[in-house]
Amino acid sequence: MAAHVEGQQHPIGIYLKIWGLLFVHFQGYLRWFLILLFMLLKAGLIVAVFMHMLWERLALMYAILVPTVLLMFLLGIGALEADYTFLTRGVFFLKGLF
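Residues numbered from 1 in each chain as written. Predicted model: local features only at pLDDT ≥ 70, side-chain atom pairs only at ≥ 80, totals over all residues. Heavy atoms only, no water.

For the overall build of the protein chain, give the residues involved together with the corresponding values.
Each helix and strand counted, the protein chain has three helices and zero strands in total. Going from the N terminus to the C terminus, the protein chain shows its helices and strands as α-α-α. Of all 98 residues assigned to the protein chain, the portion counted as buried reaches 6%. For the protein chain, the accessible surface area stands at approximately 9500 Å², while carbon and sulfur atoms represent 76% of it. (Helix = DSSP H or I, 4+ residues; strand = E, 2+ residues; numbered from the N terminus. Buried < 20%, exposed > 50% of the residue type's maximum accessible area, 1.4 Å probe, protein only. Areas by Shrake-Rupley, 256 points an atom, 1.4 Å probe, with all protein chains shown as cover.)

Account for the side chain of R31, with residues named and values stated.
Mapping R31 onto the fold places it in helix α2 (residues 28–50). Notably, R31 is buried but unbridged: the nearest opposite-charge side chain belongs to D83, and the N-O separation is 21 Å. Looking at R31, its side chain comes within polar contact range of the side chain of Q27, at 3.5 Å. In contact with R31, not counting residues within four places along its chain, are L22, F23 and F26. (Lys, Arg positive; Asp, Glu negative; His and termini not counted. Salt bridge = Lys/Arg side-chain N within 4 Å of Asp/Glu carboxyl O. Polar contact = N/O pair within 3.5 Å; in protein donor to acceptor, adjacent residues only side chain to side chain. Contact = heavy atoms within 4.5 Å.)

Before we move on, could you go through the packing of helix α1 (residues 12–25) against α2 and cite the residues and values that matter?
Axes are the key here: two packed helices are described by the angle between their axes and the distance separating the axes. In the contact formed by α1 and α2, the axes pass within 8 Å of each other and the chain directions differ by 145°. The segment α1 lies against α2, with I18, L22 and F23 engaging R31, L34, I35 and F38. Tallied by class, the residues present in the contact of α1 with α2 amount to six nonpolar, no polar and one charged. (Axes fitted to C-alpha atoms, helices over the stretch in contact; angles between N-to-C directions. Nonpolar A, V, L, I, M, F, W, Y, C, P; charged D, E, K, R; others polar.)

So, α2: which residues are in play, and what are the values?
For an α-helix the count is 3.6 residues per turn, leaving residues at separations of three or four pointing the same way. The terminal C-alpha atoms of α2 lie 33 Å apart, and with 23 residues this matches the ideal 33 Å at 1.5 Å per residue to within 8%. R31, L34, I35 and A48 are the residues of α2 that are buried. (Expected span 1.5 Å × (residues − 1).)

Pasting the structure below:
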């Protein structure tokens, strides 16, 4: 007596359409924005469902979310500072050449 285990099957066509949209039709910053958005959504889904964070206490969620958000905020500040530093170096180092 063999038990039949049935699982949910996802159609592969939807995955192929999404990858096609990302890598064929969209160009430049829109493509990278969509890739990063889907990556973050997938990571959030994994953390919420498979790591059972959706049902955990608020303190544990804060232990995961607050450092992550703070790190992203500090990386954003660093990126803005890098642009400023790059432009400032261009102004001062190229000034002596002309």
